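Spelled out, the chains give:
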Amino acid sequence: MAFSTNRWSINRMKLKNTYPKFWLSDKTVSELVKWNNFKKIQFNKNWLQFLSEDDVVFSVRTLDTAKYPISSLLPILENGLSNNVAFEIDLSSAFYEAVNRAIEFSHEIDQHETICVDFGKVLKVKGSRLSGNYEEVIPDISVDLENNKELNFDYSDFISSEKFFTKLKVISDTKDFDVAEPIHVILENDNAVKLFSSMV
């Protein structure tokens, strides 16, 4: 399993192979994924070496796992996954494309650039700022709700997952939840889950 967190969202992904336990900083990972052509990996105490297909070696320092215990992260994730699902939808490429277009009209909430997803008989993606508004209906996606629920999200939670996750679940005991409180949301596919919250 691979885990990541930015203190706002938690990701868990199944891996084909087994690796030793280590933590890498987000800056290190951002640089490594630019290459995406590693064929071998070697772990040595606090150092990790990657060998590329071009026989270039990248050495990166790992973080102290004692300072970032996975045991403190897992209960949060497991608790979120075990709670009741108010409703779920299948995500389409049209949804992610609408999110990309709505970004131009994102607005800030607590230092997060957000967009709005309007869940109801018709699913809509919205953006609103002083310079204008944006609204797009997503075809073939709907939620059986008596009253629409508008939730604001940091758009990066969707953009970083673009076309990777295929299902969205809203976590609540009932469909009549209070949008004035943060609502947990799960994005998932067969091999990975992402847990984060709406913005209020």
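As the structure is a computational prediction, the values presented were derived from the model and not from experiment. (Residues numbered from 1 in each chain as written. Predicted model: local features only at pLDDT ≥ 70, side-chain atom pairs only at ≥ 80, totals over all residues. Heavy atoms only, no water.)

1. Quick look at the environment of V179
Thought 1: Within the secondary structure, V179 sits in the loop between β12 (167-171) and β13 (184-188).
Thought 2: Given a relative accessible area of 36%, V179 falls into the partly exposed group.
Thought 3: Between the alpha carbons of V179 and V200 there is a distance of 7.6 Å; along the sequence they are 21 residues apart.
Thought 4: Once residues within four sequence positions are removed from consideration, V179 is found in contact with K149, E150, L151 and V200. (Helix = DSSP H or I, 4+ residues; strand = E, 2+ residues; numbered from the N terminus. Buried < 20%, exposed > 50% of the residue type's maximum accessible area, 1.4 Å probe, protein only. Contact = heavy atoms within 4.5 Å.)

2. Things to note about the pairing of β12
Thought 1: Counting buried residues in β12 gives four out of five residues, a clear majority hidden from the surface.
Thought 2: The pairing of strand β6 (residues 85-90) with β12 spans five bridges and is antiparallel. Opposite E88, over in β12, you have K169 as the bridge partner.
Thought 3: Where β12 and β13 come together, four bridges link them in antiparallel fashion. Opposite K167, over in β13, you have E188 as the bridge partner. (Pairing = 2+ DSSP bridges.)

3. A short note on the layout of surface pockets
Thought 1: One number sums up the size of the largest pocket: a volume of about 2,200 Å³.
Thought 2: Taken together, 48 residues form the lining of the largest pocket, with A2, F3, S4, L24 and V29 sitting closest to its centre.
Thought 3: Of all elements in the fold, only β1 (2-5), β2 (10-13), α1 (26-32), β3 (38-44), β4 (47-52), α2 (70-82) and α4 (156-159) reach the threshold of two or more residues within the lining of the largest pocket.
Thought 4: When its residues are assigned to classes, the lining of the largest pocket shows 24 nonpolar, 15 polar and nine charged.
Thought 5: Taken together, 14 residues line the second largest pocket, and the ones lying closest to its centre are W8, I10, I76, H184 and L195.
Thought 6: Listed by contribution, the elements that provide at least two residues to the lining of the second largest pocket are α2 and β14 (192-197).
Thought 7: Grouping the amino acids of the lining of the second largest pocket by side-chain chemistry returns six nonpolar, seven polar and one charged. (1 Å grid on protein atoms, 1.4 Å probe; cavity = no way out; pocket = protein on both sides within 12 Å on 5 of 7 lines; lining within 4 Å. Points joined across faces, edges and corners; volume = space filled by probe spheres on them. Nonpolar A, V, L, I, M, F, W, Y, C, P; charged D, E, K, R; others polar.)

Spatial relationships are all this shows, so hold off on functional conclusions.
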